[in-house]
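Remarks on the overall topology
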Amino acid sequence: MSHPSPLAAAQHRALALRATGDLSAARHLLAEAVETAPPPYGADHPEVLHTAHLLARLHREGDDPLAARRVLEEAFAAGERRWEHSDPVLLALAFELAEVAEELGNRHEARRNYTRVATAGPAALGEDHPAVRAARDYLGLPASASSQHQAAPPTPTPRPAPVAGGRARCPVGAVRPDAVAGDPGRDAPLRE
């Protein structure tokens, strides 16, 4: 039987604290886990980035977007030293940064991060991923061709046309604050 990583365990404990209404203790636990992650976890390790993302989400829930922005900026800076901007974890952080920047009235920063998601997101997450659609909507870009095609009423055909592609996977923590590293359902397709 495998044991969850120390960061996954901290995420689970933080979510349990949040569920009992102790958001402050949950945030403190995650902040400590990010700051003191043991080797081999460095600041750019995916589980550290997931934990930071969850911490930022809890800061937002606690109505502290400035703290969320700080955590997200630090995580993104650490992650981009190792990962491409098209990595799903970095796209999740960029999307969250865009939302926080918009909340704080920083449209330039929001636009920059939504542009990252709109540019790299379709290949990494899929054309119809909710983050990609939201970024495109914010930027005033047209919807993807597949989204426009799906929205059009079907026309009768003698036989069904093949369906291209599969469902995009949700980057861990990108949309679901309850997604935790080590959670078997964390990479399940996102349902709207």
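In the block above lies the structure referred to throughout.
**Looking at the packing of aromatic side chains**
By the definition in use, this model includes two aromatic pairs. Plain terms: the ring middles of Phe-95 and Tyr-114 are 5.8 Å apart, the flat faces sit at 70° to each other, and that makes the pair edge-to-face. Of this pair, Phe-95 sits in helix 5 (residues 88-103) while Tyr-114 sits in helix 6 (residues 107-125), and the two are 19 residues apart along the sequence. Classification of Phe-95 as buried rests on a relative accessible area of 10%. A centroid spacing of 4.4 Å and a plane angle of 35° characterise the contact between Tyr-114 and Tyr-138, whose relative ring orientation is tilted. Of this pair, Tyr-114 sits in helix 6 while Tyr-138 sits in helix 7 (residues 130-139), placing them 24 residues apart in sequence. Residue Tyr-114 is classed as buried on the basis of its relative accessible area of 8%.

**What to know about the pattern of salt bridges**
A full pass over the atoms with the stated rule returns eleven salt bridges. Across the pair Glu-127 and Arg-136 runs a salt bridge, and its minimum N-O distance is 3.0 Å. Given the relative accessible area of 34%, Glu-127 is considered partly exposed. A relative accessible area of 13% means that Arg-136 is categorised as buried. Through salt bridges with shared partners, one network takes in Arg-57, Arg-60, Glu-96, Glu-99 and Glu-103.

**Side note on the nonpolar core**
Counting 36 residues, the largest nonpolar core has Leu-30, Leu-58, Leu-72, Phe-76, Leu-93, Tyr-114 and Val-117 as the members making the most contacts within it. Elements that contribute at least two residues to this core include exactly helix 1 (6-19), helix 2 (23-35), helix 3 (46-61), helix 4 (65-80), helix 5, helix 6 and helix 7. Here this core takes ten residues from helix 5, the largest share from any one element. Not counting the four nearest positions on each side in its chain, Leu-93 is found in contact with Leu-49, His-53, Leu-72, Ala-75 and Phe-76. Membership of the second largest hydrophobic core comes to six residues, among which are Leu-7, Ala-10, Tyr-41 and Val-48.

**Some words on the environment of Leu-90**
Among the secondary structure elements, Leu-90 is positioned in helix 5. For Leu-90, a relative accessible area of 0% corresponds to the buried category. Along the sequence, Leu-90 and Gly-79 sit eleven residues apart, while their C-alpha atoms lie 6.8 Å from each other. Beyond its immediate stretch of four places on either side in the chain, Leu-90 contacts Phe-76, Gly-79, Glu-80, Trp-83, Glu-84 and His-85.

**Notes on unusual backbone geometry**
In this structure, Pro-40 follows Pro-39 across a cis peptide bond, with omega equal to 10°. The residue Pro-40 is located in the loop between helix 2 and helix 3 in this model.

**A word on the packing of helix 4 against helix 5**
Running from amino to carboxyl end, helix 4 crosses helix 5 at an angle of 150°, the nearest separation of the two axes being 9 Å. Judged by the inter-axis angle, helix 4 sits roughly antiparallel to helix 5. Crossing hand, helix 4 versus helix 5: left-handed. Of the residues in helix 5, those touching helix 4 at Pro-65, Ala-68, Arg-69, Leu-72, Glu-73, Ala-75, Phe-76, Gly-79 and Glu-80 are Leu-90, Leu-93, Ala-94, Glu-96, Leu-97, Val-100 and Glu-103.

Reading the values: rules and limits
- Residues numbered from 1 in each chain as written.
- Predicted model: local features only at pLDDT ≥ 70, side-chain atom pairs only at ≥ 80, totals over all residues.
- Heavy atoms only, no water.
- Phe/Tyr/Trp six-rings, centres within 6.5 Å; stacked < 30°, edge-to-face > 60°.
- Helix = DSSP H or I, 4+ residues; strand = E, 2+ residues; numbered from the N terminus.
- Buried < 20%, exposed > 50% of the residue type's maximum accessible area, 1.4 Å probe, protein only.
- Salt bridge = Lys/Arg side-chain N within 4 Å of Asp/Glu carboxyl O.
- Core = buried A, V, L, I, M, F, W, Y, C linked by side-chain atoms within 4.5 Å.
- Contact = heavy atoms within 4.5 Å.
- Axes fitted to C-alpha atoms, helices over the stretch in contact; angles between N-to-C directions.
- Parallel < 35°, antiparallel > 145°, perpendicular 65-115°, else oblique.
- Left-handed = near helix turned anticlockwise from the far one by under 90°.

Worth remembering: the numbers are spatial, not functional.
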